[in-house]
Amino acid sequence: MEAAITRYRLLAIVVGVMLLLVVFVGMPIRYIGGNGTPSAIISPIHGALYIVYLAIAYDLWRKTGWPLKQMAIMVSAGLIPFLAFFIERKIVREARELAAVQT
């Protein structure tokens, strides 16, 4: 399960950083600066990585046997700026505690 935790942690951080780039770099440049190029580059990358993140989150959720509510929390992490970092810490801590109990 440690491999699934590591994959989840890495993707959660990357998706969180990409979302911050979209919100705090791409969107201001688009709407304040009038240049949509950065947003047009960053947004699809975030979207593609978010889809990979969902698959990785599902894998971890399936291996842990958590309730559906936990999966909903994991999914929300890639949608709200800064939330990914808090959720990632919580999920990784809980998954490692569960892995320690199972061994």
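Just above, that's the structure.
Rules behind the numbers
- Residues numbered from 1 in each chain as written.
- Predicted model: local features only at pLDDT ≥ 70, side-chain atom pairs only at ≥ 80, totals over all residues.
- Heavy atoms only, no water.
- Helix = DSSP H or I, 4+ residues; strand = E, 2+ residues; numbered from the N terminus.
- Buried < 20%, exposed > 50% of the residue type's maximum accessible area, 1.4 Å probe, protein only.
- Patch = residues over 30% accessible without salt bridge, like charges linked within 9 Å, V, L, I, M, F, W, Y side chains within 5 Å.
- Areas by Shrake-Rupley, 256 points an atom, 1.4 Å probe, with all protein chains shown as cover.
- Salt bridge = Lys/Arg side-chain N within 4 Å of Asp/Glu carboxyl O.
- Axes fitted to C-alpha atoms, helices over the stretch in contact; angles between N-to-C directions.
- Parallel < 35°, antiparallel > 145°, perpendicular 65-115°, else oblique.
- Contact = heavy atoms within 4.5 Å.
- Nonpolar A, V, L, I, M, F, W, Y, C, P; charged D, E, K, R; others polar.

*Asks:* In this structure, what is going on with unusual backbone geometry? I would like to understand it.
*Replies:* As a rule of thumb, non-glycine residues mostly have phi less than zero, and peptide bonds are mostly trans rather than cis. Residue Phe82 is not a glycine yet carries a positive backbone phi of 75 degrees. Looking at the secondary structure, you find Phe82 in the loop between α3 (68–76) and α4 (83–102). You can call Phe82 partly exposed: its relative accessible area is 45%.

*Asks:* I tried to follow a nonpolar patch on the surface on my own but got confused; where do I start?
*Replies:* A surface patch of nonpolar side chains, about 740 Å² in accessible area, is lined by Ile13, Val17, Leu21, Val23, Phe24, Val25, Ile29, Phe82 and Phe86. With seven residues, the single largest contributor to the nonpolar patch is helix α1 (residues 2–31). With respect to the secondary-structure elements, Ile13 resides in helix α1. Given the relative accessible area of 34%, Ile13 is considered partly exposed.

*Asks:* What is the right way to read the packing of α1 against α4 from this model?
*Replies:* The relative placement of two packed helices comes down to the angle between their axes together with the axis-to-axis distance. Interhelical geometry of α1 versus α4 gives an angle of 175 degrees and a closest axis separation of 9 Å. Considered as vectors, α1 and α4 are oriented roughly antiparallel to each other. Mapping the contact onto sequence places Glu2, Ile5, Tyr8, Arg9, Ala12, Ile13, Gly16, Val17 and Leu20 in α1 and Ala84, Phe85, Ile87, Glu88, Ile91, Val92, Ala95 and Arg96 in α4. Here the contact of α1 with α4 is composed, by residue class, of 12 nonpolar, one polar and four charged.

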